[in-house]
Amino acid sequence: AQTVTQSQPEMSVQEAETVTLSCTYDTSESDYYLFWYKQPPSRQMILVIRQEAYKQQNATENRFSVNFQKAAKSFSLKISDSQLGDAAMYFCAYRRTSGSRLTFGEGTQLTVNP
Amino acid sequence: ETGVTQTPRHLVMGMTNKKSLKCEQHLGHNAMYWYKQSAKKPLELMFVYNFKEQTENNSVPSRFSPECPNSSHLFLHLHTLQPEDSALYLCASSQDRTGYGYTFGSGTRLTVV
């Protein structure tokens, strides 16, 4: 069974600084998708970034980028120029290519200090 | 407009009550999901529906009864709940068998008293 682990329950960053959230996963599949979701106090889970495992190039979306290390089964999220609106719970998630189920990690609560 | 709408936003019910949670998506997706989110726990997948057919039931107690009348609507019928069932219940939809993630609703915060 696939598992997703986020070892940092809480992180904090100063506004305008950079922070990296860690995620590791376990799978025997060679092709799959990885995601980072953000859940602000409004409770809405918002897709931040998506990575296809067969692509070596790391995905980027504006201030958000990932460091995807397939051999190490690591998928970290880097937030540059942190803003107050980035404060939220961040979830790493895994999905098999052939399936529909999303498996989530435990989440990392990010605080952004002014 | 999020594309996935959940009602009600908050619900307080007694252990002997019967209530229903509703989820509606306007994205043309063919898969819908119920997740339970409790404090300090990972999201727990409860049910999966593909093209209106239930394809996963992850050992959910029978006091939770899902219903999917069409690809756009999903219900979770609740009866004889326990206090430990208090949680945020999230609905999501996706286009099955693609690499895209889910679109989530804002959830129903359920409190069982």
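Throughout what follows, the structure given in this document is the object of discussion. Just so it is clear, the structure is predicted and the values come from calculations on it, not from any experiment.

## What to know about the overall build of chain B
Part 1 of the reasoning: Helix and strand counts for chain B stand at zero helices and 11 strands.
Part 2 of the reasoning: Sequence-ordered secondary structure for chain B, helices as α and strands as β, is β-β-β-β-β-β-β-β-β-β-β.
Part 3 of the reasoning: The C-alpha radius of gyration computed for chain B amounts to 13 Å, which stays within 12% of the reference 13 Å derived for 113 residues, consistent with globular compactness.
Part 4 of the reasoning: Of all 113 residues assigned to chain B, the portion counted as buried reaches 49%.
Part 5 of the reasoning: Partitioning the contacts of chain B with sequence separation of at least 6, the portion at a separation of at least 24 is 52%.
Part 6 of the reasoning: Element-wise, carbon and sulfur atoms account for 50% of the exposed surface of chain B, whose accessible area totals about 5,300 Å².
Part 7 of the reasoning: Within chain B, the 9 negative side-chain charges are centred at a point lying 7 Å from the centre of the 11 positive side-chain charges.

## Side note on the interface of chain B and chain A
How big an interface is tends to be stated in terms of accessible area lost as the parts join.
Part 1 of the reasoning: In this assembly, 30 residues from chain B lie in contact with 19 residues from chain A.
Part 2 of the reasoning: Between chain B and chain A, the buried area comes to about 2,000 Å², and carbon and sulfur atoms account for 44% of it.
Part 3 of the reasoning: Elements with a minimum of two residues in the side of chain B that touches chain A: β4 (31–37), β5 (44–50), β9 (87–94) and β11 (108–112) of chain B.

## Remarks on the pairing of β9(B)
Residues and elements named next belong to chain B.
Part 1 of the reasoning: Burial analysis of β9 places eight of its eight residues in the buried class, which makes it a mostly covered element.
Part 2 of the reasoning: Of the two faces of β9, the one carrying A87, Y89, C91 and S93 and the one carrying L88, L90, A92 and S94 are both buried.
Part 3 of the reasoning: Examined bridge by bridge, β4 and β9 share seven bridges and lie antiparallel to one another. Considered in β9, the bridge of W34 is made with C91.
Part 4 of the reasoning: With three bridges joining them, β9 and β11 adopt antiparallel strand pairing.

How each quantity is defined
- Residues numbered from 1 in each chain as written.
- Chains lettered and ligands numbered in written order.
- Predicted model: local features only at pLDDT ≥ 70, side-chain atom pairs only at ≥ 80, totals over all residues.
- Heavy atoms only, no water.
- Helix = DSSP H or I, 4+ residues; strand = E, 2+ residues; numbered from the N terminus.
- Rg over C-alpha atoms; globule rule 2.2 N^0.38 Å.
- Buried < 20%, exposed > 50% of the residue type's maximum accessible area, 1.4 Å probe, protein only.
- Contact = heavy atoms within 4.5 Å.
- Areas by Shrake-Rupley, 256 points an atom, 1.4 Å probe, with all protein chains shown as cover.
- Lys, Arg positive; Asp, Glu negative; His and termini not counted.
- Charge placed at Lys NZ, Arg CZ, Asp CG, Glu CD.
- Buried area = accessible area lost by both parts, 1.4 Å probe.
- Pairing = 2+ DSSP bridges.

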